[in-house]
Amino acid sequence: GDSVTQMEGPVTLSEEAFLTINCTYTATGYPSLFWYVQYPGEGLQLLLKATKADDKGSNKGFEATYRKETTSFHLEKGSVQVSDSAVYFCALREAAGNKLTFGGGTRVLVKP
Amino acid sequence: GAGVSQSPSNKVTEKGKDVELRCDPISGHTALYWYRQSLGQGLEFLIYFQGNSAPDKSGLPSDRFSAERTGGSVSTLTIQRTQQEDSAVYLCASSWAGRPGLARSSYEQYFGPGTRLTVT
């Protein structure tokens, strides 16, 4: 079955540091890939998405590129802020499916 | 507009009791999902409703779990004879299922704030 593996946290960074969260997946066909973010005390929000190979999703300074050859969708941000402290989830949706399959989540803590 | 709403926000119940969790999807969204977020299992799919089609129940962990969706809108997730391992945050999401010709990439799922269930 489908699965998503992402690096375990917590990841602790200083403000303005570079952030990378690795995500790899196993799926049949060509899934859509997503990053969701959960800020403290809030619900899950879609951060960015990519629906086909080599697509780059971007939002709020975050980027991730759909790499079919390495089955990866790593999340990056060049300069993090304290407000980026949250839990980040990588997820996929099968091409013909509807449900989301999530990774275990990575907690990121940005210190001033 | 209004987002997905869930009630109650918190529920504490005794082991063995039944609980009902409610989800109000975004108006016009025909697809509704339930997920569970727990420390041991992460975020996992439970059940999916789409219009009048038979629901996809493949994620329900046991026959103590059931869900219904009345009138194609509000959904209720019921857990019978609750166990301590049922303690988790139960998330509901809804999406537009679109129309012929519309890219499926538009079917973004919008999540509610969740119901935190604690079984004592």
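Scroll up to find the structure.
These lines cover the structure that appears in this document, whether it is placed above or below. (Residues numbered from 1 in each chain as written. Chains lettered and ligands numbered in written order. Predicted model: local features only at pLDDT ≥ 70, side-chain atom pairs only at ≥ 80, totals over all residues. Heavy atoms only, no water.)

## Concerning the packing of aromatic side chains
Residues and elements named next belong to chain A.
Here is step 1: This structure, assessed with the given rule, holds 12 aromatic pairs over all chains.
Here is step 2: Summarising the aromatic geometry, the rings of Phe 62 and Tyr 88 are spaced 5.5 Å apart at their centres and angled 40° between planes, so their arrangement reads as tilted. Of this pair, Phe 62 sits in strand E8 (residues 62-65) while Tyr 88 sits in strand E10 (residues 86-93), and the two are 26 residues apart along the sequence. For the pair formed by Phe 62 and Tyr 88, the shared burial category is buried.
Here is step 3: Both rings, one in Phe 89 and one in Phe 102, keep their centres 6.2 Å apart while their planes meet at 85°; by these two values the pair is edge-to-face. Highlighted residues: Phe 89 in strand E10 and Phe 102 in strand E11 (residues 101-102), separated in sequence by 13 residues. (Phe/Tyr/Trp six-rings, centres within 6.5 Å; stacked < 30°, edge-to-face > 60°. Helix = DSSP H or I, 4+ residues; strand = E, 2+ residues; numbered from the N terminus. Buried < 20%, exposed > 50% of the residue type's maximum accessible area, 1.4 Å probe, protein only.)

## So, the pattern of salt bridges
Here is step 1: Counted by the stated rule, this structure contains six salt bridges over all chains.
Here is step 2: Lys 77 of chain A serves as the salt-bridge partner of Asp 84 of chain A, at 2.8 Å between the closest nitrogen and oxygen. As far as burial versus exposure is concerned, Asp 84 of chain A and Lys 77 of chain A are alike and both buried.
Here is step 3: Of the charged contacts in the structure, one is a salt bridge between Glu 44 of chain B and Arg 36 of chain B, with a shortest N-O distance of 2.9 Å.
Here is step 4: Classification of Arg 36 of chain B by relative accessible area gives buried; the value is 8%. (Salt bridge = Lys/Arg side-chain N within 4 Å of Asp/Glu carboxyl O.)

## Regarding the layout of surface pockets
Here is step 1: For the largest pocket, the calculated volume is near 810 Å³.
Here is step 2: Around the largest pocket, the lining is made up of 32 residues, and of these Gln 38 and Arg 107 of chain A together with Gln 37, Val 89 and Arg 116 of chain B lie nearest the centre.
Here is step 3: Sorting the residues of the lining of the largest pocket by element identifies E10 and strand E12 (106-111) of chain A together with strand E4 (31-38), strand E5 (42-50), strand E8 (88-95) and strand E10 (115-119) of chain B as the ones contributing at least two each.
Here is step 4: Residue contributions to the lining of the largest pocket peak at four residues, all from E10 of chain B.
Here is step 5: Tallied by class, residues from the lining of the largest pocket come to 12 nonpolar, 17 polar and three charged.
Here is step 6: Quantified by volume, the second largest pocket comes out at close to 180 Å³.
Here is step 7: Forming the walls of the second largest pocket are 13 residues, and the residues nearest its centre are Leu 100 and Thr 101 of chain A together with Leu 43, Glu 44 and Phe 45 of chain B.
Here is step 8: Among the secondary structure elements, those contributing two or more residues to the lining of the second largest pocket are E11 of chain A together with E5 of chain B.
Here is step 9: The element contributing the most residues to the lining of the second largest pocket is E5 of chain B, with four residues. (1 Å grid on protein atoms, 1.4 Å probe; cavity = no way out; pocket = protein on both sides within 12 Å on 5 of 7 lines; lining within 4 Å. Points joined across faces, edges and corners; volume = space filled by probe spheres on them. Nonpolar A, V, L, I, M, F, W, Y, C, P; charged D, E, K, R; others polar.)

## Let's talk about the state of the cysteines
Here is step 1: Per the stated rule, a full pass over the model turns up two disulfides over all chains.
Here is step 2: The disulfide that involves Cys 23 of chain A links it to Cys 90 of chain A, with 1.9 Å between the sulfurs. Linking Cys 23 of chain A and Cys 90 of chain A, the disulfide has an S-S dihedral of approximately -70° and is accordingly described as left-handed. Highlighted residues: Cys 23 of chain A in strand E4 (residues 23-26) and Cys 90 of chain A in strand E10, separated in sequence by 67 residues.
Here is step 3: Among the residues examined, Cys 90 of chain A registers a relative accessible area of 2% and is labelled buried.
Here is step 4: Across the disulfide from Cys 23 of chain B sits Cys 92 of chain B; the S-S distance is 1.9 Å. Judged by the torsion about the S-S bond (-65°), the Cys 23 of chain B/Cys 92 of chain B disulfide is left-handed. Residue Cys 23 of chain B is found in strand E3 (residues 19-24), and its partner Cys 92 of chain B is found in strand E8; the two are separated by 69 residues along the sequence. (Disulfide = S-S within 2.5 Å.)

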